[in-house]
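The residues making up each chain are set out below.
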Amino acid sequence: IYWLAGFPPSAGRFGIFILVMWMSSMVIDAFVRLLSVTMSQDACTASAGAIVVMFIVFSGYLLPPDDIPPWFIWLFYLSPLQYATESLFINELYGLTFTCTPSELLPPDPSLVAVAYCPWTDGQTYSTDYLGWNNGFFWIWIDLAIMVGFWLFFLAVSTFILYRTKPKEYGYRRLNDSTSQDDREIVERRIRQAHKAYRQLSKKLTGQAEKKKTTTKDCWPWRKTDVPGSEDDLDGLPDLKSFATTFEDNDGCEDNVHESEAIKVKPAFIVWKDISYTVPIGRKENKTLLSHINGYARPGKMIALMGSSGAGKTTLLDVLAQRKTKGKISGTIEINRALQDEYFSRYSGYVEQMDIHYERLTVRESLLFAAQMRLP
């Protein structure tokens, strides 16, 4: 594009052009990252585009600096793209020589041809007098230094916020000043119990893993057993009592016998009752996507959820997997007769419609890989 646009065919100027464009993308990327750690996903998506458009409008290209109203000039200096635009103009215009046609001479009166003159004879004059940019090729490096400052500032603020803020999801409830002392103590106690239970469960599974003869001809070792350990170890964490799923032993495998470890897990039985899901489509109107859905899933069994396009198959799975953040959900979801809680995503796997899988793995091998990434 640089060469097709007719810019000066100089290796040095082309290198400056690439450097300025790369630095601009880094600054905008760091700015959007800062927005993403300070607000929700929807708010970030809505505000990032609007602010970037404001940066472009006040970058000095659509509105030259001299044409910006005085009460908006502060937006010009706060726009990181302003410094990139100035660098590009100086890089491309300096050193160019302009000539004027008779119609471009000033004054345009044909009777004054003898005193007419060309208003701009070189790119430097055009850049400083008409566009209002700073005078001097060294301003390219000043603008680049300012953009590096913007980039470091955005990264520093994002890092500080990530370091000082607790996670908002994935099993941790956000603690704020409005939370009562009793609620804070309950949440902190549950977090300590979760860490303790995971450590104890991991040690017991490691120490009691059994080596047993199994076969590996297109099959995998599965055993149906209970989680070793007492109920007290998992107090306050009913979800850990229903960790993952189990499958029956494979039949028909006779070759390639080898030693392997069978990890003991407890089956999980999922039941959903009277599930309904509505979403707002206007200020006073709602649309029902799911209406009083009942069902269950047995451990070790594959279930095919079938229906026509738009019947609500994906919507139901999203609700069961706690993936819906908008709308109103009613009904109950039970895991081994215990209500589904906020820790469900830790010990369950969910595959979306457009997910990518390794083409040479079978369905069982894909499920096994996902389970091994979650189980202790």
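Scroll up for the structure.
Residues numbered from 1 in each chain as written. Predicted model: local features only at pLDDT ≥ 70, side-chain atom pairs only at ≥ 80, totals over all residues. Heavy atoms only, no water.

Which residues make up the overall build of the protein chain, and what values go with them?
On a plain count of helices and strands, the protein chain comes out with nine helices and six strands. Expressed as a percentage of the 376 residues in the protein chain, the buried residues total 31%. Within the protein chain, residue pairs in contact and separated by at least 24 positions form 69% of the contacts whose partners lie at least 6 positions apart. Total accessible area on the protein chain is roughly 25000 Å²; 58% of this is exposed by carbon and sulfur atoms. (Helix = DSSP H or I, 4+ residues; strand = E, 2+ residues; numbered from the N terminus. Buried < 20%, exposed > 50% of the residue type's maximum accessible area, 1.4 Å probe, protein only. Contact = heavy atoms within 4.5 Å. Areas by Shrake-Rupley, 256 points an atom, 1.4 Å probe, with all protein chains shown as cover.)

Could you give an account of the layout of surface pockets, with specific residues and numbers?
The computed volume of the second largest pocket comes to approximately 340 Å³. Lining the second largest pocket are 16 residues, and of these Met-21, Ala-84, Thr-85, Leu-88 and Phe-89 sit closest to its centre. It is helix 4 (residues 80-93) that provides the largest number of residues to the lining of the second largest pocket, a total of six residues. (1 Å grid on protein atoms, 1.4 Å probe; cavity = no way out; pocket = protein on both sides within 12 Å on 5 of 7 lines; lining within 4 Å. Points joined across faces, edges and corners; volume = space filled by probe spheres on them.)

Please provide a residue-by-residue account of the environment of Gly-310, values included.
Examined against the element boundaries, Gly-310 turns out to sit in the loop between strand 4 (286-297) and helix 8 (313-320). Since its relative accessible area comes to 77%, Gly-310 is described here as exposed. Considering only alpha carbons, one finds Gly-310 and Leu-289, 21 residues apart in sequence, at a separation of 9.4 Å.

So what about the sheet that holds strand 6 (residues 338-339)? Which residues, and what values?
Spatially, the four strands line up as an open sheet ordered 4-3-5-6, and their pairing is antiparallel. Each of the sheet's edge strands pairs with one partner strand only, and the pair in question is strand 4 and strand 6. As paired strands, strand 3 (residues 270-280) and strand 4 are joined by eight bridges and run antiparallel to one another. From the neighbouring strand, Pro-280 faces strand 4, where its bridge partner is Asn-286. (Pairing = 2+ DSSP bridges.)

Can you tell me about the environment of Ala-84, naming the residues and giving the values?
With respect to the secondary-structure elements, Ala-84 resides in helix 4. When its relative accessible area of 5% is taken as the criterion, Ala-84 is described as buried. Apart from residues no more than four positions distant in its own chain, Ala-84 is found in contact with Val-20, Ser-24 and Met-147.

I'd like to hear about a nonpolar patch on the surface, residue by residue, with values.
A cluster of nonpolar side chains, contributed by Leu-19, Trp-22, Phe-137, Phe-138, Trp-141 and Ile-142, occupies part of the molecular surface with about 590 Å² of accessible area. Contributing elements (two or more residues each) for the nonpolar patch: helix 1 (11-38) and helix 6 (139-164). Topologically, Ile-142 is positioned in helix 6. (Patch = residues over 30% accessible without salt bridge, like charges linked within 9 Å, V, L, I, M, F, W, Y side chains within 5 Å. Salt bridge = Lys/Arg side-chain N within 4 Å of Asp/Glu carboxyl O.)

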